[in-house]
Structures are given as structure tokens and as C-alpha cells.
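# Structural overview
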Amino acid sequence: MAENKDFSVFLQNKKIPVCVLDQKWHRLFAVKGKPEDVAACEQELNELLKKQGHLNNELRELKKLKSKLMGNIVENMEGTHQENAGRMSSRKLDEDKRLIDDINAKMEANEDALLDLPREINRVNKELMLLTVEFCYGNLRTNVAEIREITDWITQVRIDLKKNIIKKQNREINSRQMYAYMHDVFGAEMMDVFDLDNGDIDLRILESPKKKHQEQPQQSSEEAGKQEKPKAAEGDGTVTAKGEGEDTPLPTENFETKKQG
């Protein structure tokens with residue numbers, strides 16, 4: 001049973017719509033289904049509503065039957081003045097009066113029950129409402145906590161992503177400059193030997209993305225298995241074409257301080 005807490009006074013004179021008659025109420029449990037206490041309270045409320053409907057229908061039928069019997073009594077009373085049908089009409093009149101008395105007793109019992117049912121329906125409906133509110137706010141509390149946790153995670157991932165992008169770019173610039181300096185210091189011929197000796201390093205990753213897109217050379221069957229070497233830098237940290245066996249270092253004007261004339 002859901003605790004009424006401080007809501008009992010507030011709900012005392014409030015007219016609450018019957019929950020089970022609202023399709024949107026059922027949709028509140030579309031994802032996780034109805035808890036056992038909610039389902040039990042719903043069943044109790046449905047039984048009360050069913051009983052109320054049955055009593056109302058029965059009361060209407062009793063009123064129709066009573067009206068018909070009253071009509072028969074009037075006809076039988078007129079028939080008592082006829083000699084041949086006097087006794088039969090009298091017996092029929094007595095029977096109809098007895099049936100009317102039974103109908104009156106049944107109607108009175110139904111009306112008494114119908115007076116008590118709305119209060120009982122209202123009580124169970126309030127209980128169902130409180131159980132529903134408890135269930136929904138419990139889910140809202142869990143959802144909000146998870147939303148906050150996921151939001152914090154996304155924020156941190158975005159921060160880490162930005163940091164790693166900058167870190168990656170710095171590593172690329174540093175590696176390209178380092179490789180360019182080595183070319184300038186040791187020469188292209190020596191670098192070819194060193195590149196072969198360090199073939200486990202995939203130096204193609206140092207190529208400029210723009211260069212990769214623009215240049216798609218067709219490799220021969222002999223060159224297909226060879227590792228493509230990055231192009232030496234012109235001094236700005238980017239990789240440029242490396243000379244074939246030339247010992248002359250590439251310009252490094254961006255890395256050297258020019259003498260003033």
C-alpha cells in the first residue's frame with residue numbers, strides 16, 4: 001500500500017479521474033510494465049467498476065419490469081369486474097403485487113450498494129494514483145541520475161578528444177620536423193639506409209593528408225611490397241619530395257636565423 005503521507009488532507013475533497021479509464025495512464029507503464037502492487041490495485045478497482053456497472057444495469061431492468069407489472073395490475077383490477085375472469089384476474093393481481101414487492105426490495109438493496117460503491121471506488125482510485133506517482137517519480141529519479149552521469153561522461157570525452165587532437169597534431173609536427181632535420185643533417189642517401197634499418201616504423205603516417213589525397217602513384221609489382229617513405233620537409237614541418245640519392249640537404253630557412261645585412 002502506498003503511504004498517503006501529507007497528501008491525505010490535500011486529496012480529501014479532490015475529485016480524481018478514474019485512472020484505469022484513461023489510456024494514457026496505461027502508457028505510463030509501457031516500458032517497464034506495472035509493478036505487482038499497481039497491478040493488484042488496478043484489478044481491485046476494475047472489479048468495483050464492474051460491480052457498479054452491473055448494479056446500474058440491473059436497476060434499470062428492475063425499473064422496466066416494475067413498470068410492466070404495474071400496468072398488469074391496472075388491467076387485472078379492471079378484469080375483476082367481469083364475471084368469468086374474476087378469480088383468474090384476482091390471482092394474477094396478487095402474484096404481480098408479490099413480484100413488485102420483491103422488485104422493490106431488490107431495487108432498494110441495489111440503490112444502497114450504489115451509494116457505498118462510489119466512496120469505495122474513490123478510495124481505491126486514490127490508492128492507485130499514489131502508487132502510480134511513486135512508481136513514476138522513482139523512474140524519473142533514476143533517469144535524471146543516469147542523464148546527469150551520461151552528460152558528464154560526454155563532456156569529459158569531448159575534453160579528452162580535444163586534448164588528444166592537439167596532442168596528435170603536436171606529435172605529427174614534431175615527427176615531421178625531426179625527420180626533415182635528419183634529412184638535412186645526414187643527407188638523403190644515408191636516410192635511405194636508416195629507413196631500411198628501421199622498417200618497423202610506418203613513416204607514411206607523417207605524410208600530409210592533402211598530399212596523400214592529391215598523389216596516388218601507381219606502384220609496380222616490385223615497388224608494391226616496399227614501404228613508401230615520407231617526403232623530407234622544406235623547413236615548415238611538412239613533408240616534401242626527397243631527392244633520389246642526392247647528398248645536398250633541403251633548405252631549412254624557417255629553422256635557421258638569417259643574418260642581417
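Residues numbered from 1 in each chain as written. Predicted model: local features only at pLDDT ≥ 70, side-chain atom pairs only at ≥ 80, totals over all residues. Heavy atoms only, no water.

## Description of the pattern of salt bridges
Scanning the entire structure with this criterion turns up six salt bridges. R119 serves as the salt-bridge partner of D116, at 2.6 Å between the closest nitrogen and oxygen. Taken together, the residues D116 and R119, both in helix α4 (residues 86-186) and three residues apart, mark about one turn of the helix. On the basis of relative accessible area, R119 is assigned to the exposed category, the value being 56%. Here the salt bridges share partners, and the residues they tie into one network are E44, E120 and R123. (Salt bridge = Lys/Arg side-chain N within 4 Å of Asp/Glu carboxyl O. Helix = DSSP H or I, 4+ residues; strand = E, 2+ residues; numbered from the N terminus. Buried < 20%, exposed > 50% of the residue type's maximum accessible area, 1.4 Å probe, protein only.)

## Some words on helix α5 (residues 188-197)
Those residues of α5 that sit buried are A188, M191 and D195. One side of α5 holds all its buried residues, which, seen down the axis, span an arc of 50°. Exposed residues pointing more than 90 degrees away from the buried face of α5 are listed as L196 and D197. (Arc of directions from axis to C-beta.)

## Some points on the packing of aromatic side chains
Tallying each qualifying case throughout the model produces three aromatic pairs. Judged by centre distance (5.2 Å) and plane angle (70°), the ring pair of W25 and F29 falls under edge-to-face. The pair W25 / F29 is uniform in exposure class, with both members buried. Look at F29 and F135: their rings are 5.0 Å apart centre to centre, the planes differ by 35°, and that puts the pair in the tilted class. With F29 in the loop between α2 (23-27) and α3 (36-79) and F135 in helix α4, this residue pair connects regions lying 106 residues apart in the sequence. The pair F29 / F135 is uniform in exposure class, with both members buried. Within the aromatic cluster, the residues linked to one another by ring pairs are W25, F29 and F135. (Phe/Tyr/Trp six-rings, centres within 6.5 Å; stacked < 30°, edge-to-face > 60°.)

Function cannot be inferred from these measures alone, as they are strictly geometric.
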